[in-house]
Amino acid sequence: MQLWQRGVRLSAPVGAPFSEFSAPARVTLPLQWGETPLVRVGERVGLGQKIADGAGETVPLHASVSGTVAAIAPKVCADGKRWTAVVIDSDGEERPAPGLTGRPLADGLSGEELFALLCEAGIREPDGRPLSALVEEAAGGCRTLICSAIDQEPFTLSEDAALTAAPERVLGGLRLLLRLFRPETAVLAVSAAQKEALRAVTRWIPKGDSLRLAVMPDRYPMGDARRLAELIASVRPGESLASRGTAVVRASSAAAMEAAVYDGMPVVRQTVSVNWLTGQKIFSVPLGTPVAEVLRACGRDETEAVLGGPMMGRRLRCWNVPVTKGMSGFTLLSGEQKAAPAGPCIRCGRCAEVCPAELRPYLAARRRGGAAWSVCLRCGACEYACPAGRPLMEEILRLGREAANVG
Amino acid sequence: MADAAIALLPAAAGAVWFWHGWALALLAGCAGGCVLLEWAVSRLYPGRGNPRDGSALVTGLLLALLLPAGCPWWAAAAAVFAAIVPAKALFGGLGHNVFNPAAFGRAVLLLIPALRPEPLRAASGTFLFGYTGGAMGEASAVLLLAGAVYLAARRLEPAAVAVSAVLAAFFTGLFIPGCDAAAVAAWGGTLLGAAFLGADPVTGPMTTRGKLLSGAVLGAVGTLLAYYAWGIGGTACAVLLANLTGRAGDWPVRPRAAR
């Protein structure tokens, strides 16, 4: 199998327009990264007002609705832990905080001012890293900048929605990033299955533009940052992206940057796709909206939810948790799905054929090579492809953990 | 598994066409016997046999096609026993067996001198359709090919094994004096070995290198043994050898594939 053919072809999601979502009455903004709150209980806040500060890995947090701060107390979050959170009762007006409108246009800003704006905007990549950290890292020399509009998992369409709904925003943000990174090559990666997004974006990229459009094969997990870096920038397995001067940013981060600089609005909303067996809905919700409200807005009876997509998602035990930055999708399941017992390994080798990291998952059961499994992307493609339904992910993760404990 | 059984149906139908009731009896007997024995194994040694996964059915059909229509019932029973118990159950059941069960069952019968097939050099007639001088599966290469094409359409046919085996058979035939290489390559035994016995994922190699190697061994050794010694029995022995070669060809076994 050639490197770009690896992975599994899952049904291509058809991006839907955003569904209506009525603003929540109360939002909970947890300070999961150790942010320092700047507001007090009872204080009135405006939309986009900075309510918690942080530097470096901890980016500022902004109010996603206008209203009154109801409490600053520990609340349960999706990771199962209790974090101190700022709870705001919305007044329903969406009143922007003072000082947020009428920012000067970005073209007049210098590189440092742009970077400062970026740090203030609270943009986080879906894997948790602040965009500002990425910029800082790339300041040492960036050869290739890859902007990925390919979603991490099938059916969680936040990246596709960002590109389809507002391609000019994504491209605007990309051009700002180009100014900061100054790479030799800039690539916008879109999956071949994203027909709407491709249609939307090709109009905006003139031929011969310095920004290249890379149409990647429709194979999960194409949205993985390492995978894109290996295919587009020829990063070798085991090599860090930084050592090859490669940076991967997501389309939603680029769009957020454009909004922060041109509209003066920091990150206050999250695109969430909710998927179930027969359908899907995409919402743009204010950060801090209770997940239960988002899931109920779909009008479905399913009782189980997975945070994330069908491949890498984790079971969501409590629905009364807030939506935070990076929560791009949920999958609804009915509780009746019975798992058939796994058959014996018939040595068909499909797991090795599909593995994007070129591993051989069939060896995981035989407990070979602990440290070699560290390059596993945890994408679940092997388990999906296995005709005997063997729990390959479990075996690989256990081996990786054991290797980490020993080493 | 269902696909493997379906792929054998054209050849089975051809066998019934040529040998009528005998073929039907042998096919049903071998298939039924294998499934029954697998069920018995699953009751006596839980975990070592599963009559429902279809592998016993495929083994039975394939075994019947490797036997001549006039095979005595006790010989067929012995082959069925050999295919299920020592070749599969004693190794630990499906997925753990090193040798292809159908090939093993056929090879065991070579121990009985009266049942050894004629060497291929004594054969006459066309192998494409209507060769009745050997095992039931040899009757028609065309029907076997149809089955192989079906397997390929279902992505179950490893080209690395099948193509290398047929090519190896052909080139070996070229080097044998007085041998029609094309006929040997199109022989039912070659096709059975290359496309069916060699396509078994459990006993076949997992790496491409292993597949090419085992396919070549299958074709070359199989042709020599079939031509000079035991006809389809020779193919069965070559399959067993290829099973071992394939395992050797898969080494070194590292979690990460080399680039």
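Just so you know, the residues in each chain are numbered from 1, in the order the chain's sequence is written. In the order they appear in the text, chains get letters beginning with A and ligands get numbers beginning with 1. Whole-chain, interface and lining totals are the exception, using all residues; otherwise, since this is a predicted model, local features are given only for residues with pLDDT of at least 70 and side-chain atom pairs are given and counted only at 80 or more.

## Some details on the interface of chain B and chain A
Opposite the twelve residues of chain B that make contact, chain A presents 16 residues. Here the side of chain B that touches chain A is composed, by residue class, of seven nonpolar, two polar and three charged. Whether two residues are in contact depends on their C-beta atoms, placed from the backbone: they are in contact if these lie within 7 Å. Think of it as three bins: nonpolar holds Ala, Val, Leu, Ile, Met, Phe, Trp, Tyr, Cys and Pro, charged holds Asp, Glu, Lys and Arg, and polar takes everything else, Gly as well.

## Looking at the sheet that holds strand β3 (residues 44–45) of chain A
All names here are of chain A. With respect to topology, four strands assemble into an open sheet ordered β1-β7-β6-β3, the strand pairing being antiparallel. Edge positions in the open sheet fall to β1 (26–30) and β3, since each of these has one partner strand only. For β1 and strand β7 (residues 82–90), the ladder comprises five bridges, and the chain directions are antiparallel. Paired with proline 30 across the two strands is alanine 85, which belongs to β7. Note on pairing: DSSP must find at least two bridges between two strands before they are called paired. Only runs of H or I of at least four residues qualify as helices and only runs of E of at least two qualify as strands under DSSP, and these elements are numbered from the N terminus.

## Describing the domain arrangement of chain A
Residue and element names in this part refer to chain A. Domain delimitation follows an automatic or database domain assignment. Examined at the domain level, chain A breaks down into domain 1 (3–12 + 101–263) and domain 2 (350–406). Here the C-alpha centroids of domain 1 and domain 2 sit 29 Å apart. Looking at the side of domain 1 that touches domain 2 residue by residue, the class counts come to four nonpolar, two polar and four charged.

## Thoughts on the sheet that holds strand β4 (residues 50–53) of chain A
All names here are of chain A. Read across the sheet, three strands follow the order β2-β4-β5 without closing on themselves; strand pairing throughout is antiparallel. In this open sheet, the two strands that pair with only one neighbour each are β2 (36–37) and β5 (61–62). Here β2 runs beside β4; their pairing, made up of two bridges, is antiparallel. Of the residues in β4, the one forming a bridge with proline 37 is alanine 52.

## Details of the pairing of β4 of chain A
As defined by bridge partners, β4 of chain A adjoins β5 of chain A across two bridges and the pair is classed as antiparallel. Pairing of lysine 50 of chain A across the sheet is with histidine 62 of chain A, part of β5 of chain A.

## Describing helix α5 (residues 141–153) of chain B
Residues and elements named next belong to chain B. Take the number of residues in a helix, subtract one, and multiply by 1.5 Å to get its expected span. In this model α5 runs 18 Å from its N-terminal to its C-terminal C-alpha over 13 residues, within 8% of the 18 Å that 1.5 Å per residue would give. Turning to α5, its buried residues number three or more, namely Ala141, Leu143, Leu144, Gly147, Ala148 and Leu151. Looking straight down α5, one finds its buried side chains confined to an arc of 165 degrees; they lie on one side. Exposure criterion: with C-beta atoms placed from backbone coordinates, a residue whose C-beta has 20 or more other C-beta atoms within 10 Å is buried, one with 12 or fewer is exposed, and one in between is partly exposed. Summarising the geometry, the arc corresponds to the directions from the helix axis toward the C-beta atoms.

## Some points on the packing of helix α1 (residues 111–120) of chain A against helix α2 (residues 131–138) of chain A
Residue and element names in this part refer to chain A. For helices, the axis comes from a line fit to the C-alpha atoms of the stretch in contact; other axes are also lines fit to C-alpha atoms, and the angle between any two N-to-C directions lies between 0 and 180 degrees. Running from amino to carboxyl end, α1 crosses α2 at an angle of 145 degrees, the nearest separation of the two axes being 8 Å. Residue-level contacts link Phe115, Leu118 and Cys119 of α1 to Leu131, Ser132 and Val135 of α2. Looking at the contact of α1 with α2 residue by residue, the class counts come to five nonpolar, one polar and no charged.

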